[in-house]
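The chain contents come next:
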Amino acid sequence: MSTTRTPLPAASAARHAARSGLIQISVTGVLWGTTGVAVQLLRESTGLSPVSIGFHRLAIAALVLLACTAGRLRTIVATVRAAPVPLLLTGVGLGLYQALYFAAVAWAGVSVATIVSLGLAPVLAAAWESVHARRLPGPQRLGTLVAAMAGLVLITGATEHPGAAAPAPLLGLLAAAGSGLGYAVTTLISRQVSQRTAPMALTTISTVVGALTLAPFAVVAGVGLPVRLDTVALLLHLGVVTTAVAYALFYAGLRTTPGSVAAVLTLLEPLTAAALAVALLHEPLPLPVIGGGVLLLTAVAATYLAPDRAEAR
């Protein structure tokens, strides 16, 4: 009986690509983690609503990416024509799950919004992948999910302000669930699209569509802001670093990373946000945050072991 073996160089290249994808998405989570501090500083200095900030963030990213891809606009247009529905869904989902998350924060508080929206995404993605593959997740995947969810709950619960108002907790819970569902679905769709679309083109299209999706909400909430050096710097950071660069890395990493694993890795976002709050805003560092950070880092480390174990199998 003859057997077909994968050549060593091909296996090595696949392992390298898998690890590169994990690194790209991990960096994405860290970059997204700087969003909270920037948004807080921007709100304090301008009074902009979170939805308006989200619109400015996507609009700036879209303009920067369109400028960077000006010589390849024909290619981008051809890409849209080749797969209009998934690309449109990716962009609309990008705008909507951000808007729902911001609404959940306003109605139910940061803790509920973060735990429900970010916590649902990896669970839903893993459930869909299991149904699609017709098999249950392995012990390592389940353990990673449990550790990640526990770490998320500990970090978010400990960093919530005790006096935070929850004017509409039920609506906030529903909005957070919608945000988590939207994030999971968008991640799964964009992973499929990323297999045949260049990361820069995918990022450009999704941010343009996302900005257009948020535009009506932002106009109602108000988009005017004072033009100052600090304001411009914060908006550029949100638009260029946490959106244009971060999503380009995210879509590139999705080429070799399952959606559920990507959702776990991006949980580095709340961990980074908590670390920055301690370092820059001089907030206290409670013991649950340390424990949650250890659990999250353990979950992330476990995902880095997965490619090698898959190769061994």
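Refer to the structure printed above.
Engineer: Looking at this model, I keep getting lost on a nonpolar patch on the surface. Mind explaining?
Structural biologist: A cluster of nonpolar residues, W107, V112, L170, L171, L173 and L174, forms a patch on the protein surface that exposes about 550 Å² of accessible area. When residues of the nonpolar patch are assigned to their parent elements, the largest contribution, four residues, is made by helix 8 (residues 169-194). Locating L173 in the fold gives a position in helix 8. For L173, a relative accessible area of 40% gives the class partly exposed.

Engineer: How should I be thinking about the side chain of T257 in this particular structure?
Structural biologist: Relative to the assigned elements, T257 resides in the loop between helix 10 (229-253) and helix 11 (259-265). Looking at T257, the relative accessible area reads 1%, which means it is buried. Of the polar contacts made by the side chain of T257, one reaches the backbone oxygen of G253; its length is 2.9 Å. Setting aside residues no more than four positions away along its own chain, T257 makes contact with G21, L22, I25, R191 and A262.

Engineer: Which parts of the structure should I look at to understand the environment of G292?
Structural biologist: Following the sequence through the fold, G292 ends up in helix 13 (residues 287-312). Residue classification places G292 among the buried positions, given a relative accessible area of 0%. Note: C-alpha distance between G292 and G151 (141 residues apart in sequence) is 3.7 Å. Leaving out residues up to four positions away in the same chain, G292 has contacts with G151, L154 and I155.

Engineer: What exactly am I supposed to notice about helix 3 (residues 50-68) here?
Structural biologist: What sets the pattern is the α-helix's 3.6 residues per turn: residues three or four places apart point alike. If you check helix 3, its first and last C-alpha atoms are 27 Å apart, about what 19 residues at 1.5 Å a residue would give, namely 27 Å. Taken across its 19 residues, helix 3 has 14 buried, putting it largely inside the fold.

Engineer: I'm lost on empty space enclosed by the protein in this one. Help?
Structural biologist: Left-over empty space is what a probe sized like a water molecule reveals as it rolls over the atoms. Applying the stated criterion across every chain yields a total of one cavity of 30 Å³ or more. Of the voids in this model, the largest cavity is the one considered here, and its volume is about 40 Å³. Together, L94, Y97, Y183, T186, T187, S190, Y247, F250 and Y251 line the largest cavity. Among the elements of the structure, helix 5 (84-108), helix 8 and helix 10 are those that each provide at least two residues to the lining of the largest cavity. The element best represented in the lining of the largest cavity is helix 8, accounting for four residues. Tallied by class, the residues present in the lining of the largest cavity amount to six nonpolar, three polar and no charged.

Engineer: For this particular structure, what's the right way to read the environment of V39?
Structural biologist: With respect to the element layout, V39 can be found in helix 2 (residues 35-46). Taking C-alpha positions, V39 is 9.0 Å from G54, a pair spaced 15 residues apart along the chain. With residues near it in sequence (within four places) discarded, V39 still touches I53 and L238.

Rules used in this analysis
Residues numbered from 1 in each chain as written. Predicted model: local features only at pLDDT ≥ 70, side-chain atom pairs only at ≥ 80, totals over all residues. Heavy atoms only, no water. Patch = residues over 30% accessible without salt bridge, like charges linked within 9 Å, V, L, I, M, F, W, Y side chains within 5 Å. Areas by Shrake-Rupley, 256 points an atom, 1.4 Å probe, with all protein chains shown as cover. Salt bridge = Lys/Arg side-chain N within 4 Å of Asp/Glu carboxyl O. Helix = DSSP H or I, 4+ residues; strand = E, 2+ residues; numbered from the N terminus. Buried < 20%, exposed > 50% of the residue type's maximum accessible area, 1.4 Å probe, protein only. Polar contact = N/O pair within 3.5 Å; in protein donor to acceptor, adjacent residues only side chain to side chain. Contact = heavy atoms within 4.5 Å. Expected span 1.5 Å × (residues − 1). 1 Å grid on protein atoms, 1.4 Å probe; cavity = no way out; pocket = protein on both sides within 12 Å on 5 of 7 lines; lining within 4 Å. Points joined across faces, edges and corners; volume = space filled by probe spheres on them. Nonpolar A, V, L, I, M, F, W, Y, C, P; charged D, E, K, R; others polar.

By themselves these figures say nothing about function.
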